[in-house]
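Tertiary structure, described
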Amino acid sequence: MVEVNLWSGLRRFTEGQTVVEIEAETVGQALDGLVAAHPGLAPVIAAGVSVAIDGEIVNGRHIAIPPGAEVYLMQRLKGG
């Protein structure tokens, strides 16, 4: 089980929750699990989000989530 921390603007899609528990071993499974549990998140995730694991932004749905890791879903960070 992974606890995914969401930014406060997403509460309207998760019945007020800012932390959602999802069964997942990878970033992709976590994102898919969030959409399955809270379909209102689908457009937000499809538009692009950033995922941080233990304070490091990761790229790729295949990235493993270690047991006990802190996982944060964030608005997509754009470089420039």
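Described below are features of the structure shown in this document.

About the cut-offs
Starting from 1, residues in each chain are numbered consecutively following that chain's sequence as written. Reporting of local features is limited, given that this is a predicted model, to residues whose pLDDT is at least 70; pairs of side-chain atoms are given and counted only at 80 or more, and all residues count toward the totals for whole chains, interfaces and linings. The basis for every side-chain value is the complete set of non-hydrogen atoms in the structure, without hydrogens or water. By the criteria applied, helices consist of DSSP H or I runs no shorter than four residues and strands consist of E runs no shorter than two, each listed in order from the N terminus. Under the scheme applied here, a residue whose accessible area is under 20% of the maximum for its type counts as buried, over 50% as exposed, and between as partly exposed, the area being computed with a 1.4 Å probe on protein chains only. Definition used in this section: a nonpolar core is a set of buried Ala, Val, Leu, Ile, Met, Phe, Trp, Tyr and Cys residues joined via side-chain atoms within 4.5 Å. Two residues form a contact once any of their heavy atoms are found within 4.5 Å. Counting of polar contacts relies on pairs of N or O atoms within 3.5 Å, with two restrictions inside protein: one atom must be capable of donating a hydrogen and the other of accepting it, and residues adjacent in sequence are counted only when both atoms are side-chain atoms.

1. Looking at unusual backbone geometry
Residue E15 is not a glycine yet carries a positive backbone phi of 55°. By secondary structure assignment, the location of E15 is in the loop between β1 (2–5) and β2 (19–22). Of note in the backbone geometry, D54 takes a positive phi value of approximately 50° without being a glycine. With respect to the helices, strands and loops of the structure, D54 is situated in the loop between β3 (49–53) and β4 (56–58).

2. Details of the environment of A37
Relative to the assigned elements, A37 resides in helix α1 (residues 27–37). Given a relative accessible area of 44%, A37 falls into the partly exposed group. With 39 residues separating them along the chain, A37 and R76 place their C-alpha atoms 21 Å apart.

3. Digging into the environment of G33
Tracing the sequence through the fold places G33 in helix α1. For G33, a relative accessible area of 16% translates into the label buried. Along the chain, G33 and I22 lie 11 residues apart, while their C-alpha atoms are 5.9 Å from each other.

4. Things to note about the nonpolar core
Counting residues in hydrophobic clusters, the biggest one holds 22 residues, and the most contacted among them are L34, V51, I53, I65, V71 and L73. Contributing elements (two or more residues each) for this core: β1, β2, α1, α2 (42–47), β3 and β5 (71–75). Per-element accounting of this core gives the leading share, 4 residues, to α1. Discounting chain neighbours no more than four positions away, the residues touching I53 are V27, V58, I63, A64, I65, P66, A69, E70 and V71.

5. Thoughts on α1
The periodicity of an α-helix, 3.6 residues per turn, causes residues three or four positions apart to be oriented the same way. Considered for burial, the residues of α1 that qualify are V27, G28, A30, L31, G33 and L34. Where the residues of α1 are buried, they touch β1, β2, α2, β3, β4 and β5.

6. Structural notes on the side chain of T14
With respect to the element layout, T14 can be found in the loop between β1 and β2. Engagement of the side chain of T14 in a polar contact is seen with the backbone oxygen of Q17, the distance being 2.6 Å. Ignoring any residue separated from it by four or fewer positions in sequence, one finds T14 in contact with L6, V20, H38 and L41.

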